[in-house]
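Structural characterization, general
Below are the chains, spelled out letter by letter.
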Amino acid sequence: MNSNNVLIKMEDLTKTYQVGETQVRALRGISYEIRKGDLLAIMGPSGSGKSTLMNIIGCLDKPTNGRYFLDGKEVSTYNKNQLAGIRNSKIGFVFQTFNLLARTTALENTELPLLYSNTPTREAKKLAMKALAQVGLEGRELHKSNQMSGGERQRVAIARALVNSPSLILADEPTGNLDTKTGNEIMDVFKRLNQKNGITVILVTHDPEVSAIAEKKMHIRDGLIESLE
Amino acid sequence: MNIFRTIKIALKALGRNKMRSFLTALGIIIGVGAVIAMVSIGQGAKAEVEKRFSEMGTNLLFVRPGSRSYRGRHGGSSSYENLTEADAEAILENCDAVNYISPNVNSRAQIIYRNKNWNTSIYGTGHDYPIIRNWEVEEGEFFSEQHVKSARKVCILGSEVNQNLFEGANPLGQIIRMNKIPFRVIGTMESKGESGGWFNRDDVIFIPYTTAQMRLLGIDHIQSVDVSAISMDRSAEAMAQIEEVLRIRHKIAPGAEDDFNVRNMSDIAEGASEATGILTILLGGIASISLLVGGIGIMNIMLVSVTERIREIGIRMSMGAREKDILYQFLTEAIVLSALGGLLGIILGVGSSQLISHFSDMTTMVSFESIALAFIFAASVGIFFGFYPARKASKLDPIDALRYE
């Protein structure tokens, strides 16, 4: 395997939480490699550790033990501020509940990551318009988040994830709050971004229909990889 | 992050809760307004006092006899009767920092004009008294050096006495009786106004001090000397010269105590303006407590706001906001809130100080310093009370914040 193609490398990741007097071992040793351009689904029942894994992949959290490389850098040694910088430049998040800023326009929501990368205002607007066009929201830039349908909101969230040209889009149950039809449309957007634009996408889900579009699937149970497809 | 963008974001966030933002800022508005209005009252009083003193002449010095003690028994102040006309003249002659002098002999007398009578203060003074005291003659003229030398029975009326005896008729050339002695009225003084309390500066008659000595009191010493220094800057010098001259004339051995007192008007004025300065500090201090309470209001609302927006903080953090980005965002909101409150408070303070001076006798004076001070204080209150909530926001864990319902 050409190591230049590896985007993410996980080496024996463990995560242990202290809850009161008991230790909860959410991850018990995960090793895996994700290559650039992959479309991976991470699946597992609730309590399996998939959220914990997603938080580590998304640089929101650090593993207790083990090493995590993103784009060749060992980010498991980074401090909070460095992690924030990595989230800003390399990762785009899409959440189940959309997590848009309330009463804020699609454009402003999309510009949000650019605010923290110090992109000049004019440039930021251009990039945000482009990202909104990519998800099919031309002409809706000035609609406020509370005036939009669930599908539109999720598209804004995807545009926001795209706007900083990240190495990786991390989607956590992206269709969980949408009806089947809208959900399928959103999945199509992910598929298109992956196939046409070559963006690496990781879907975290327990829905087999969602994972159906993924070329690789990772099943997690009790903090360990149960199976790979 | 760019400061203007941060301010723009803060304004937007505050705009989403207009009523709440306004009520929060109201604490600062009232606080700043109160500080400016109260300090303006204090400074107005100070300016008023200073004006009164400068009307009297800040280069004024008073010479009075000292306290006499005879075989262990102390008299009160001015109990010596050792100040003479010759002393006064020696001061004028030998002290080059002295411009004018006026020996004074004061008394009270019953004044009779036709069927009216009035009891008033009689000031026996020198002919330069109006110059020294900065007090103009309104009609006629003040008595001359010649009048003084020959102890003539002429008088000048204060406006209150003039009003009471003549009721608007022309007093010039009329004869009034003072303890049955006839005096010719040769002038009237312009009104100085009441100086507060029961004392009316216009309730007075001026006569030559020589006349007062001979005709009214039968004494040959004088009670005090008013001295005018050449300028305010030289009044300390004048004071030292007067002391030297009088010590020589009174044959006081080196090291022995003076048998006279010299006081400097600018020292007295300084003392009085110091007292009103304390008043200003007191009023401003009380008012700034309300500013402090306003600051606590800001902190309270910012804490509520942070809790309400935990999810927003989580979103921003997941998009790459650093701790300090979140800290600055909330701190800026607090500062913008208190700065806007400060600006409105300035308007309120200046406006209410205008109203106070318009509808009451009080003089108010708004100074640039008090505005700047109140505004800076308000902004610091914002920083101080905004810091804790902002820090709390910045220390949130992004995962918990994103999950917060």
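The structure this text deals with has already been given above.
Residues numbered from 1 in each chain as written. Chains lettered and ligands numbered in written order. Predicted model: local features only at pLDDT ≥ 70, side-chain atom pairs only at ≥ 80, totals over all residues. Heavy atoms only, no water.

1. With respect to the overall build of chain B
Selection rule: Only runs of H or I of at least four residues qualify as helices and only runs of E of at least two qualify as strands under DSSP, and these elements are numbered from the N terminus. Throughout, radius of gyration means the C-alpha value; the globule benchmark is 2.2 Å times the number of residues raised to the power 0.38. It only takes one pair of heavy atoms within 4.5 Å for two residues to be counted as in contact.
Of regular secondary structure, chain B possesses 13 helices and 12 strands. Taking 2.2 N^0.38 as the reference for a compact globule, 405 residues should give roughly 22 Å; the C-alpha atoms of chain B span a radius of gyration of 33 Å, well beyond that estimate. Principal axes of the C-alpha set define a box for chain B whose edges measure 105 × 55 × 35 Å. Long-range pairs, those at least 24 residues apart, make up 75% of the contacts in chain B with a sequence separation of at least 6.

2. Side note on the packing of helix 3 (residues 106-115) of chain A against helix 5 (residues 150-162) of chain A
Residue and element names in this part refer to chain A. Defined as follows: Axis definition: a line fit to C-alpha positions, over the contact stretch in the case of helices; interaxial angles, taken between N-to-C directions, run 0 to 180 degrees. Orientation categories follow fixed angle ranges, with anything under 35 degrees roughly parallel, anything over 145 roughly antiparallel, 65 to 115 roughly perpendicular, and all other angles oblique. Crossings are assigned a handedness: left-handed for a near helix turned anticlockwise from the far helix by less than a right angle, right-handed for a clockwise turn. The nonpolar class holds Ala, Val, Leu, Ile, Met, Phe, Trp, Tyr, Cys and Pro. Asp, Glu, Lys and Arg form the charged class, and all remaining residues, Gly among them, are polar.
Close contact between helix 3 and helix 5 brings their axes to 7 Å; oriented N to C, the two are set at 30 degrees. With respect to each other, helix 3 and helix 5 are oriented roughly parallel. As helix 3 packs across helix 5, the resulting crossing turns out to be right-handed. Contacts between helix 3 and helix 5 involve Ala106, Asn109, Thr110 and Pro113 from the first element and Val156, Ala159 and Arg160 from the second. Classifying every residue of the contact of helix 3 with helix 5 by side-chain character gives 4 nonpolar, 2 polar and 1 charged.

3. Some remarks on the interface of chain A and chain B
Rule in force here: We define buried area as the total accessible area lost by two parts upon association, computed with a 1.4 Å probe and summed across both. For salt bridges, the criterion is a side-chain nitrogen of Lys or Arg within 4 Å of an Asp or Glu carboxyl oxygen. Two N or O atoms count as a polar contact when they lie within 3.5 Å, although within protein this holds only if one can serve as hydrogen donor and the other as acceptor, and sequence-adjacent residues are included solely when both atoms are side-chain atoms.
Residue-level contacts link 29 residues of chain A with 24 residues of chain B. The junction of chain A with chain B conceals about 2,400 Å² of combined surface from both sides, 53% of it contributed by carbon and sulfur atoms. Broken down residue by residue, the surface that chain A buries against chain B is led by Leu60(A), Leu115(A) and Tyr116(A), which jointly contribute 28%. One can count 2 salt bridges joining chain A with chain B. We note a salt bridge from Glu108(A) to Lys12(B), for which the minimum N-O separation is 2.0 Å. Connecting chain A to chain B are 9 residue pairs in polar contact (both at pLDDT 80 or more). Those elements that place two or more of their residues in the side of chain A that touches chain B are helix 2 (80-90) and helix 3 of chain A. When residues in the side of chain A that touches chain B are grouped by element, the largest group, 6 residues, is from helix 2 of chain A. Taken together, the residues of the side of chain A that touches chain B sort by class into 13 nonpolar, 10 polar and 6 charged.

4. Let's talk about the pattern of salt bridges
Heads up, the condition is: Each residue gets one of three labels from its accessible area relative to the maximum for its type: buried under 20%, exposed over 50%, partly exposed in between, using a 1.4 Å probe on protein chains only.
Scanning all chains against the criterion turns up 27 salt bridges over all chains. The partner of Lys217(A) in a salt bridge is Glu229(A), with the nearest N and O atoms 3.9 Å apart. Of this pair, Lys217(A) sits in strand 9 (residues 216-221) while Glu229(A) sits in the segment after strand 10 (224-228), and the two are 12 residues apart along the sequence. A salt bridge links Arg247(B) to Asp258(B), with the nearest nitrogen and oxygen atoms 2.2 Å apart. Residue Arg247(B) is found in helix 8 (residues 235-249), and its partner Asp258(B) is found in the loop between helix 8 and strand 12 (260-264); the two are separated by 11 residues along the sequence. On the accessibility criterion, Asp258(B) (27% relative accessible area) is partly exposed. Several salt bridges converge on common partners, so that one network encompasses Lys9(A), Glu11(A), Arg67(A) and Glu74(A).

5. Observations regarding the environment of Asp361(B)
Residue and element names in this part refer to chain B. For Asp361, the position within the fold is in the loop between helix 11 (323-359) and helix 12 (368-394). Taking the relative accessible area as the measure of exposure, Asp361 reaches 82% and is therefore exposed. As for Asp361 and Ile207, which are separated by 154 residues in sequence, their C-alpha atoms are 34 Å apart.

6. A look at the pairing of strand 8 (residues 200-205) of chain A
Regular strands have side chains that alternate between both faces of the sheet. Residue and element names in this part refer to chain A. Short version of the rule: Any two strands between which DSSP finds at least two bridges are classified as paired.
Within strand 8, 6 of the 6 residues are buried, which leaves it mostly tucked inside the rest of the structure. Alternating residues of strand 8 divide into Thr200, Ile202 and Val204 and Val201, Leu203 and Thr205, and every residue in both groups is buried. Of the pairings in the sheet, the one linking strand 3 (residues 39-43) to strand 8 comprises 5 bridges and is parallel in character. Each residue of the ladder has a partner; that of Ala41, found in strand 8, is Leu203.

7. Structural notes on unusual backbone geometry
Residues and elements named next belong to chain A. Positioned with a positive phi, Cys59 is a non-glycine residue whose angle comes to about 60 degrees. In this structure, Cys59 sits in the loop between helix 1 (50-57) and strand 4 (65-70). One non-glycine residue, Asp71, lies in the positive phi region at around 55 degrees. On the secondary structure map, Asp71 appears in the loop between strand 4 and strand 5 (73-74). A relative accessible area of 27% means that Asp71 is categorised as partly exposed.

8. Observations regarding helix 2 of chain A
Listed as buried for helix 2 of chain A are Leu83(A), Ala84(A), Gly85(A), Ile86(A), Arg87(A), Asn88(A) and Lys90(A). With a side-chain oxygen lying 3.1 Å from the backbone nitrogen of Asn81(A), the N-terminal cap of helix 2 of chain A falls on Asn79(A).

9. Comments concerning the side chain of Lys90(A)
All names here are of chain A. Tracing the backbone through its elements, the reader meets Lys90 in helix 2. Residue class for Lys90 comes out buried when judged on its relative accessible area of 16%. In this structure Lys90 touches Leu70, Asp71, Lys73, Pro166, Ser167 and Leu168, once residues within four positions along its chain are discounted.

10. Notes on the pairing of strand 1 (residues 6-19) of chain A
Residues and elements named next belong to chain A. In this structure, strand 1 lies alongside strand 2 (residues 22-35), joined through 11 bridges in antiparallel fashion. Note on strand 2: the bridge partner recorded for Leu13 is Ile30. Hairpin connection, strand 1 to strand 2: the antiparallel pair is bridged by 2 residues, and Gly20 has positive phi, about 65 degrees. As paired elements, strand 1 and strand 4 share 5 bridges and run antiparallel to each other. Among the inter-strand pairings, Thr14 is bridged to a residue of strand 4, identified as Asn65.

11. A word on the sheet that holds strand 3 of chain A
Residue and element names in this part refer to chain A. Strand order in the open sheet formed by 6 strands is 6-7-8-3-9-10, with mixed pairing between adjacent strands. The open sheet terminates on both sides in strands that have one partner only, identified here as strand 6 (91-94) and strand 10. Neighbour-to-neighbour, the strand axes of the sheet open up by a mean angle of 20 degrees, direction not taken into account. Note that strand 3 and strand 9 share 4 bridges and pair parallel. Its bridge partner being in strand 9, Ile42 is matched across the sheet by Met218.

12. Quick word on a positive patch on the surface
What counts is decided by this rule: By definition, no residue in a patch forms a salt bridge, and every one has over 30% relative accessible area; like charges are joined within 9 Å, nonpolar side chains (Val, Leu, Ile, Met, Phe, Trp, Tyr) within 5 Å. Residue-level accessible areas treat just the shown protein chains as cover; the underlying method is Shrake-Rupley with a 1.4 Å probe. His is not counted, nor are the chain ends; Lys and Arg add positive charge and Asp and Glu add negative charge. By convention, charge coordinates are those of NZ in Lys, CZ in Arg, CG in Asp, or CD in Glu.
A cluster of basic residues, Arg103(A), Lys144(A), Arg16(B) and Lys18(B), forms a positive patch on the protein surface. With respect to the secondary-structure elements, Lys144(A) resides in the loop between helix 4 (121-134) and helix 5. On the basis of relative accessible area, Lys144(A) is assigned to the partly exposed category, the value being 36%.

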